[in-house]
Amino acid sequence: MPQKLILIIDDDNRNIFALKAVLKAKGFECLSAISAQDGFSVLEKHDHVDIVLMDMMMPDMDGYQAIAVMKKSAKMKDIPVLAVTAQAMVGDKERCLSAGASGYVSKPINVDELLKQIENFTK
């Protein structure tokens, strides 16, 4: 079975580093970008990304805006996006899902929950 390819979009390199370490240990292949615009460039170059882990709070273009752009793009609209947010406030999950995210995880990330969601959306 080929490795699943995950794109991590987060403006904090420490988060990217931690997520990559966990995901690679679990057998996933990872790409990363430190902004939504960088992420779009990566998606243009790689047409076999299975899922995007999108930090929702980023400068310039936040995750909500980035998901909206992806949903309008013929090439990107079908790629599942898992919203990753530090603000686990009431209504956050619903806001992410209504913005077009396929799923939602809050920081600090529960690895088992993250893996379960990745499996659900990349079958």
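About the thresholds
Residues numbered from 1 in each chain as written. Predicted model: local features only at pLDDT ≥ 70, side-chain atom pairs only at ≥ 80, totals over all residues. Heavy atoms only, no water. UniProt positions renumbered as here; feature names shortened; annotations may be inferred. Helix = DSSP H or I, 4+ residues; strand = E, 2+ residues; numbered from the N terminus. Contact = heavy atoms within 4.5 Å. Axes fitted to C-alpha atoms, helices over the stretch in contact; angles between N-to-C directions. Parallel < 35°, antiparallel > 145°, perpendicular 65-115°, else oblique. Left-handed = near helix turned anticlockwise from the far one by under 90°. Nonpolar A, V, L, I, M, F, W, Y, C, P; charged D, E, K, R; others polar.

## What to know about the UniProt feature "modified residue: 4-aspartylphosphate" (unreviewed entry) in the protein
Within the UniProt annotation, "modified residue: 4-aspartylphosphate" (unreviewed entry) is assigned to Asp55. By secondary structure assignment, the location of Asp55 is in strand 3 (residues 51–55). Those residues in contact with Asp55 that sit more than four places away from it in its chain are Ile9, Asp10, Asp11, Gly63, Val84 and Lys107.

## Quick look at the packing of helix 1 (residues 13–25) against helix 5 (residues 111–121)
Two numbers describe how helix 1 lies on helix 5: the axes approach to 12 Å, and their chain directions differ by 65°. Between helix 1 and helix 5, the angle is such that the two are roughly perpendicular. Here helix 1 and helix 5 pass one another in a crossing that is right-handed. Here Leu19, Val22 and Leu23 of helix 1 come into contact with helix 5, specifically with Val111, Leu114, Leu115 and Ile118. Considering only residue class, the contact of helix 1 with helix 5 consists of seven nonpolar, no polar and no charged.

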